[in-house]
Amino acid sequence: METSRRSVITAAAAAGLSAATAGTARATDRRAPVRELFGRLADGTKVHRWSLENGGTRLKVLSYGGIVQSLEIPDRHGRHRNVSLGFATLEEYVAASPYFGALIGRYGNRIGKGRFTLDGKAYQLSVNDGENSLHGGARGFDKRVWDVEGFTAGPDVGLVLHYTAADGEMGYPGTLRMKVTYTLTRRGDWRVDYAATTDRATVVNLTSHVYWNLAGEGSGSVYDHELRIAASRYTPVDAGLIPTGELAAVAGTPFDFRRAKTVGADIREANQQLLYGKGIDHNWALDKGITARPEPVAALRDPSSGRTLRIATTEPGLQFYSGNFLDGTLVGTGGHIYRQGDALCLETQHFPDSPNQPSFPSTVLRPGATYRTTTVHSFGA
Ligand code: GLA
């Protein structure tokens with residue numbers, strides 16, 4: 001998966017140019033973050049949209065939910081397309097967004113019955129998915145207005161997003177102060193650094209819910225995308241998509257993506273787990289486990305455009321969701337209807353329902369400690 005952008009640098013190096021000179025050549029497409037008014041919430045609160053660009057990647061981010069509204073990358077001929085599902089207007093995001101492009105928290109994915117016990121005290125969370133709590137409850141971080149600032153640092157450009165969740169918000173204990181940094185590097189990588197502190201013991205699991213379609217949003221199904229996930233085990237679920245607690249081998253199942261295969265290859269197998277998810281909606285236990293530095297865990301490729309996405313993370317889990325609940329009722333950014341399988345999500349995370357699963361890596365954050373995770377998305381063609 002040699003990238004055309006890397007080839008530019010390689011060619012520059014071959015021509016005897018220093019890395020700095022090559023960097024200057026590439027810096028021509030760098031654009032520092034600019035802000036515009038995107039809309040207003042019902043109560044009058046302003047929502048801004050930030051636009052920034054670096055290394056061939058163009059990003060548009062909303063202060064509402066930290067939403068990636070658009071992420072454009074070039075294909076093998078240098079043609080840019082938006083590869084992230086979204087909406088054209090704020091009203092549509094507020095009305096009924098299935099977390100398009102959003103920052104997710106306080107707890108990514110599900111907590112069974114919206115309940116957990118911490119230090120002997122029972123907590124009841126906001127329940128918004130049958131009897132369970134999903135993505136932080138009825139009004140998670142995807143539905144909050146974040147404070148956003150743009151920055152330029154050396155060769156990078158980016159945004160710093162701040163939000164403080166109140167003690168008791170959506171039922172979670174502890175005032176959670178967050179800083180999320182979106183960085184576009186000179187190679188066009190989109191890096192996400194999450195940091196959080198609390199004043200009382202709590203649980204935290206932050207992630208990003210971009211819906212990828214590397215052929216371009218609104219272009220149809222992603223079932224022909226090739227995907228690789230570096231995981232030999234996944235966490236099977238019950239009918240409510242809560243993990244059973246088991247770590248099951250992917251070998252011999254539709255969940256085996258250790259060698260690249262198409263997203264659609266086994267998605268129609270009569271498998272109980274696929275029936276529960278209406279397709280794939282599962283957490284992979286990454287072989288590398290928790291790491292201090294981001295390590296490669298997944299690679300996605302669209303054969304038609306040649307576009308590739310590689311994901312590296314410090315996190316131990318990856319939720320692969322195959323867009324099963326997209327049902328033709330939403331019109332996306334480019335004016336096309338989104339149908340089942342028109343995108344997929346690759347959410348780096350801790351495992352769902354960890355607060356109720358003693359054998360899963362802990363999601364507890366205590367006062368004095370800082371939660372830190374990083375995920376890097378690298379693009380090529
Ligand atoms: C996650 C969940 C899915 C679904 C989507 C959004 O991926 O696991 O079940 O809720 O978010 O619709």
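These numbers come from a predicted model, not from an experiment.

**Q** Is there a simple way to think about the overall build of the chain in this case?
**A** Along the chain, the regular secondary structure elements total four helices and 30 strands. What you see for the chain is a C-alpha radius of gyration of 20 Å, in line with the 21 Å of a compact globule of 381 residues. In terms of principal-axis extent, the alpha carbons of the chain reach across some 65 × 50 × 40 Å. Considering the chain as a whole, with its 381 residues, one finds that 57% of them fall into the buried category. Within the chain, residue pairs in contact and separated by at least 24 positions form 66% of the contacts whose partners lie at least 6 positions apart. A distance of 4 Å separates the average location of the 43 positive side-chain charges in the chain from that of its 38 negative side-chain charges.

**Q** What is the right way to look at the pairing of strand S11 (residues 147-153) in this model?
**A** The sheet contact formed by S11 and strand S12 (residues 156-165) spans seven bridges and is antiparallel. By the bridge assignment for S12, aspartate 147 is matched with histidine 162. A loop of two residues connects S11 with S12, the two strands running antiparallel in sequence, and glycine 154 in this loop sits at a positive phi of about 55°.

**Q** I keep staring at the site of the ligand and nothing clicks. Help me out?
**A** By nearness alone, 13 residues border the ligand, and Asn109, Arg110, His135, His209 and Asp281 come closest of all. In this structure, an oxygen atom belonging to the ligand sits 2.9 Å away from a side-chain N or O atom of histidine 135. Interatomic distance of 3.0 Å between a side-chain N/O atom of glutamate 347 and an oxygen atom of the ligand. Within the complex, 95% of the 300 Å² of free accessible area of the ligand lies under protein. In terms of residue class, the shell around the ligand is built from six nonpolar, four polar and three charged.

**Q** Help me understand the nonpolar core in this model?
**A** Counting residues in hydrophobic clusters, the biggest one holds 59 residues, and the most contacted among them are Tyr182, Trp190, Trp212, Trp284 and Phe320. Among the nonpolar cores identified, the runner-up in size contains 22 residues, and Leu85, Phe87, Leu134 and Leu330 belong to it.

**Q** Before we go on, may I ask you to explain the sheet that holds strand S1 (residues 31-40) in this structure?
**A** Within a beta sheet, neighbouring strands are joined by backbone hydrogen bonds and run either parallel or antiparallel to one another. Spatially, the five strands line up as an open sheet ordered S1-S2-S3-S4-S5, and their pairing is antiparallel. The open sheet has two edge strands, S1 and strand S5 (80-82), and neither has a second partner. Within this sheet the neighbouring strands show an average axis-to-axis angle of 15°, counted without direction.

**Q** So what exactly am I meant to see when it comes to the pairing of strand S3 (residues 57-62) here?
**A** For a regular strand, side chains alternate in direction, first toward one face of the sheet and then toward the other. With six bridges joining them, strand S2 (residues 46-54) and S3 adopt antiparallel strand pairing. Residue pairing for S3: arginine 49 is matched across the bridge by leucine 62. Remark: two residues form the turn of the hairpin made by S2 and S3, two consecutive strands paired antiparallel; glycine 55 in that turn has positive phi of roughly 55°. With four bridges joining them, S3 and strand S4 (residues 68-74) adopt antiparallel strand pairing. Bridge pairing in S4 links lysine 60 to serine 70.

**Q** Would you explain the confidence of the model for the chain in this entry?
**A** Per-residue pLDDT for the chain has a mean of 94; in total, 93% of the residues score no lower than 70. In the model, residues 1-27 has pLDDT below 50 throughout and makes 32 contacts with residues more than four positions away in sequence or in other chains.

**Q** I would appreciate a short explanation of the pattern of salt bridges in the present structure.
**A** Working definition: two side chains of opposite charge can pair if their charged atoms are close together. Throughout the structure, instances matching the rule amount to 14 salt bridges. In this structure, glutamate 72 and arginine 58 form a salt bridge, with 3.2 Å as the shortest nitrogen-oxygen distance. Here arginine 58 lies in strand S3 and glutamate 72 lies in strand S4, a separation of 14 residues in the sequence. Here arginine 144 and glutamate 169 are joined by a salt bridge, their closest N and O atoms 3.5 Å apart. Note that arginine 144 is positioned in the loop between strand S10 (133-134) and S11 and glutamate 169 in the loop between S12 and strand S13 (176-184), a separation of 25 residues in sequence. Across the pair, exposure class does not vary: arginine 144 and glutamate 169 are buried alike.

**Q** Please explain the sheet that holds strand S23 (residues 295-301) as it appears in this structure.
**A** Strand order across the open sheet formed by nine strands is S11-S12-S13-S14-S30-S24-S23-S18-S21, with antiparallel pairing between neighbours. Only two strands of the sheet have a single neighbouring strand rather than two, namely S11 and strand S21 (261-262). The pairing of S12 with S13 spans nine bridges and is classified as antiparallel. Bridge pairing in S13 places alanine 165 opposite leucine 176.

Conventions used here
- Residues numbered from 1 in each chain as written.
- Predicted model: local features only at pLDDT ≥ 70, side-chain atom pairs only at ≥ 80, totals over all residues.
- Heavy atoms only, no water.
- Helix = DSSP H or I, 4+ residues; strand = E, 2+ residues; numbered from the N terminus.
- Rg over C-alpha atoms; globule rule 2.2 N^0.38 Å.
- Buried < 20%, exposed > 50% of the residue type's maximum accessible area, 1.4 Å probe, protein only.
- Contact = heavy atoms within 4.5 Å.
- Lys, Arg positive; Asp, Glu negative; His and termini not counted.
- Charge placed at Lys NZ, Arg CZ, Asp CG, Glu CD.
- Pairing = 2+ DSSP bridges.
- Near = heavy atom within 4 Å.
- Polar contact = N/O pair within 3.5 Å; in protein donor to acceptor, adjacent residues only side chain to side chain.
- Areas by Shrake-Rupley, 256 points an atom, 1.4 Å probe, with all protein chains shown as cover.
- Nonpolar A, V, L, I, M, F, W, Y, C, P; charged D, E, K, R; others polar.
- Core = buried A, V, L, I, M, F, W, Y, C linked by side-chain atoms within 4.5 Å.
- Axes fitted to C-alpha atoms, helices over the stretch in contact; angles between N-to-C directions.
- pLDDT = per-residue confidence, 0-100.
- Salt bridge = Lys/Arg side-chain N within 4 Å of Asp/Glu carboxyl O.

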